[in-house]
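Results of the structural survey
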Amino acid sequence: MKNNLTLLSAANRYCVFNSETLDIFSLNEFTFSVIRSYLNSENKPEVCRQYNISIPDLDRILSLLKYKTGMSSSGDCIFTTYKNISRITVHVSNDCNLRCKYCYAEGGNYHKERQLMTTTTANQLVEYCCNSFNKIDNIVFFGGEPFLNIDIMTQICEAFKENFNKGYINYLPRFGAITNGTIRTNKALSLIRKHFSFLTVSIDGPKEINDTNRIFKNGKGSFELIDSFLKEVKILKNVDLFIEATFTNHHLSNGYNRKAIFDYLTSTYGAKVSVVDELSMESNVMNNTANEISTDSAWFRSILEAIVNNRKLSKCEILHEIFAIDSNGGIFPCHINVGDGMEAVSSIWESAVKVRKILQETTDYNLKNNSTCKDCWAESLYGGCARSTFYDKNLQRYNNFPNNQKCELFRNIAAKTILKICELKSDPKKWQKLLDDLKKPNPYT
């Protein structure tokens, strides 16, 4: 039976992590040994005789640690009714006007024919959504570059509003887009003012950094256009503005760390900023973090925030709460699956019953209900992208079990992070500084 206590030790430091409550306890070596012996044997009389303590003393220690056995971290699977959706990412454009050097989507076409979503497909998309769901929280227009297809975005927004005004649906999604910010036309700005609630704009930092990677087909940089677009949009009161910078080795070689980019973009544009690693850097960053824990790393901050705020982390609920629709109407678990070789699991030209049937008859997308995660002491600290952990690139499909190599790497990071937290908590000044830093904007999300 799984219990909620994990013992961690290094360099004469002894900690217990409670995976249910996210509490961390620092112990002396003797108490640590007592708890370890008990968890290994669950024989109270024998452990108490071995360490010359009373059973009430052992019970008191277990109570202080909030010990619980028979844990099931994810609970029994309850299949989704597929009626309330958190986010639908709609690829209205399978093309892009930029040719960013690190683009995983081959210049926005995802290794497919360059095309835009048609009026017919857009009409079917709205009909599919209105007939299939009780509520959709957010619709995110994506590409390629979505503003290459402004008319279709406008059509979709207005069709939803018409259905809402006529009483055919009792909700209105929040509309927004992820854009490269280079299409600053009156039509684009009108769409944003009239229909959008949020907008994410990609820019990688100052001109000399951005214009190395984010370039047009002719090699010209995009900074000036993006800068102008951001200054125009940030004054709109109806739009929550987000900026996403892709962090690359080019930043490092030019003396820019993540914080420098975060600070520059935040102070320049006054928007919420996230600095994300280029796909090719992700595994290196994780490996480096596992080798040496730094309080400045994204992994350390994520785990620390979860523990301090007593907030368990989880993977995104692909197909259950989010999914993507490509320019032809194909339905994919994640927007990154569009064009990575995976076949669509369904389409808007079919009934939503098909997706419900997939979720009910297979375990492929029931990612919370697998024995590997249930038995993992660090599960509640490992959130984020489900695709990075459960998707098999070779088979081009999802598995109902995570990538063991990544899980081992993360458990190593989590253990070292918890021990580091124990060390810092022993110094009130260092611990308070860490808590104060948590109140500052997070450059990694």
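A few points on the structure. This structure is a prediction, so every number in the text was calculated from the model and none was measured.

Turning our attention to the environment of Asn399. Note that Asn399 resides in the loop between strand 14 (397-398) and helix 16 (404-425). A C-alpha to C-alpha distance of 39 Å links Asn399 and Ile183, two positions 216 residues apart in sequence. Beyond its immediate sequence surroundings of up to four residues, Asn399 is in contact with Asp364, Leu367, Phe390 and Asp392.

Evaluation of the coordinates by the stated rule reveals 26 salt bridges. The partner of Lys66 in a salt bridge is Asp23, with the nearest N and O atoms 2.7 Å apart. Residue Lys66 is found in the loop between helix 3 (55-64) and strand 4 (84-91), and its partner Asp23 is found in the loop between strand 2 (13-18) and strand 3 (24-27); the two are separated by 43 residues along the sequence. You can call Asp23 partly exposed: its relative accessible area is 24%. Between Glu423 and Lys420 there is a salt bridge, and its shortest N-O distance comes to 3.8 Å. Here Glu423 and its partner Lys420 are both found in helix 16, 3 residues apart, which amounts to about one turn of the helix. What emerges from the salt-bridge pattern is a single network uniting Arg184, Arg193 and Glu232.

This part covers the nonpolar core. Residues Phe141, Phe147, Ile156, Phe160, Phe196 and Leu199 are the most contacted members of the largest nonpolar core, which totals 76 residues. A per-element tally of this core places helix 5 (residues 150-165) first, with 7 residues. Apart from the residues lying within four places of it in its own chain, the contact partners of Phe147 are Met153, Ala177, Thr179, Ile183, Ala188, Leu191, Ile192, Phe196 and Leu199.

In this section: the state of the cysteines. Disulfide: a covalent bond formed between the sulfur atoms of two cysteine residues. Under the defined criterion, the tally for this structure stands at 1 disulfide. Shown here is the disulfide that connects Cys15 with Cys422, its sulfur atoms set 2.3 Å apart. Of this pair, Cys15 sits in strand 2 while Cys422 sits in helix 16, and the two are 407 residues apart along the sequence. Considered together, Cys15 and Cys422 belong to a single accessibility category, that of buried residues. No disulfide involves Cys100; its sulfur sits 6.2 Å from the nearest other cysteine sulfur, which is in Cys96.

Within the fold, Ser37 resides in helix 1 (residues 29-41). Among the residues examined, Ser37 registers a relative accessible area of 17% and is labelled buried. Considering only alpha carbons, one finds Ser37 and Val47, 10 residues apart in sequence, at a separation of 6.5 Å.

With that settled, the discussion passes to the environment of Tyr269. Tracing the backbone shows Tyr269 in helix 10 (residues 258-269). On the basis of relative accessible area, Tyr269 is assigned to the buried category, the value being 1%. On a C-alpha basis, the gap between Tyr269 and Leu359 in space is 42 Å, while along the polypeptide they are 90 residues apart. Not counting chain neighbours up to four residues away, the residues in contact with Tyr269 comprise Ile203, Phe223, Asp227, Leu230, Lys231, Lys234 and Ile243.

Contact pair helix 6 (residues 186-195) / helix 8 (residues 223-233): the axes reach a minimum separation of 12 Å and the direction vectors enclose 30 degrees. Viewed along their axes, helix 6 and helix 8 form a crossing whose handedness is right-handed. Contacts between helix 6 and helix 8 involve Leu189, Ile192 and Arg193 on the former and, on the latter, Phe229, Glu232 and Val233. Here the residues of the contact of helix 6 with helix 8 sort into 4 nonpolar, no polar and 2 charged.

This paragraph deals with the sheet that holds strand 4. On the basis of which strands lie adjacent, the open sheet formed by 9 strands has the order 9-8-7-6-5-4-10-11-12 and mixed pairing. Two strands in the sheet have a free side with no partner beyond their single neighbour: strand 9 (272-277) and strand 12 (346-347). Pairing geometry for strand 8 (residues 240-247) and strand 9, over 6 bridges, is parallel. Each residue of the ladder has a partner; that of Ile243, found in strand 9, is Val273. Against the sheet, helix 6 touches strand 6 (174-179) and strand 7 (196-202), its axis set at about 135 degrees to strand 7. Of the strands in this sheet, strand 8 and strand 9 touch helix 10, which is tilted by about 155 degrees from strand 9.

Here the focus is helix 4 (residues 119-132). Working note: α-helix, 3.6 residues per turn, so residues spaced by three or four point in the same direction. When the terminal C-alpha atoms of helix 4 are compared, their 20 Å separation across 14 residues agrees well with the 20 Å that a helix rising 1.5 Å per residue should span. Along helix 4, the residues classified as buried are Thr121, Ala122, Gln124, Leu125, Val126, Tyr128, Cys129, Cys130 and Ser132.

The next point concerns the sheet that holds strand 3. Strands belonging to one sheet form pairs held by backbone hydrogen bonds; the direction of such a pair is parallel or antiparallel. Ordered in space as 1-2-3, the 3 strands form an open sheet in which the pairing is antiparallel. On the outer flanks of this sheet lie strand 1 (5-10) and strand 3, each paired with one strand and no other. For this sheet, the mean inter-axis angle between neighbouring strands, taken without regard to orientation, is 25 degrees. Taken together, the 6 bridges between strand 1 and strand 2 define a ladder with antiparallel strand orientation. Bridge pairing in strand 2 links Thr6 to Phe17. Each of strand 1, strand 2 and strand 3 touches helix 1; the most contacted strand, strand 1, lies at about 135 degrees to it.

Further remarks concern the packing of aromatic side chains. Each aromatic ring pair is characterised by the separation of its centres together with the angle its planes make. This structure, assessed with the given rule, holds 16 aromatic pairs. Ring centres of Phe141 and Phe175 lie 6.3 Å apart, and the angle between their planes is 5 degrees; on these two criteria the pair is classed as stacked. Of the two residues, Phe141 is situated in strand 5 (residues 135-142) and Phe175 in strand 6; the sequence distance between them amounts to 34 residues. As far as the burial class goes, Phe141 and Phe175 line up, both buried. Linked through ring pairs, Phe141, Phe147, Phe160, Phe175, Phe196 and Phe229 together constitute an aromatic cluster. The lysine or arginine in question, Lys315, covers the ring of Tyr382, its NZ or CZ lying 3.4 Å from the ring centre.

Rules used in this analysis
Residues numbered from 1 in each chain as written. Predicted model: local features only at pLDDT ≥ 70, side-chain atom pairs only at ≥ 80, totals over all residues. Heavy atoms only, no water. Helix = DSSP H or I, 4+ residues; strand = E, 2+ residues; numbered from the N terminus. Contact = heavy atoms within 4.5 Å. Salt bridge = Lys/Arg side-chain N within 4 Å of Asp/Glu carboxyl O. Buried < 20%, exposed > 50% of the residue type's maximum accessible area, 1.4 Å probe, protein only. Core = buried A, V, L, I, M, F, W, Y, C linked by side-chain atoms within 4.5 Å. Disulfide = S-S within 2.5 Å. Axes fitted to C-alpha atoms, helices over the stretch in contact; angles between N-to-C directions. Left-handed = near helix turned anticlockwise from the far one by under 90°. Nonpolar A, V, L, I, M, F, W, Y, C, P; charged D, E, K, R; others polar. Pairing = 2+ DSSP bridges. Expected span 1.5 Å × (residues − 1). Phe/Tyr/Trp six-rings, centres within 6.5 Å; stacked < 30°, edge-to-face > 60°. Lys NZ or Arg CZ within 6 Å of the ring centre and 35° of its normal.

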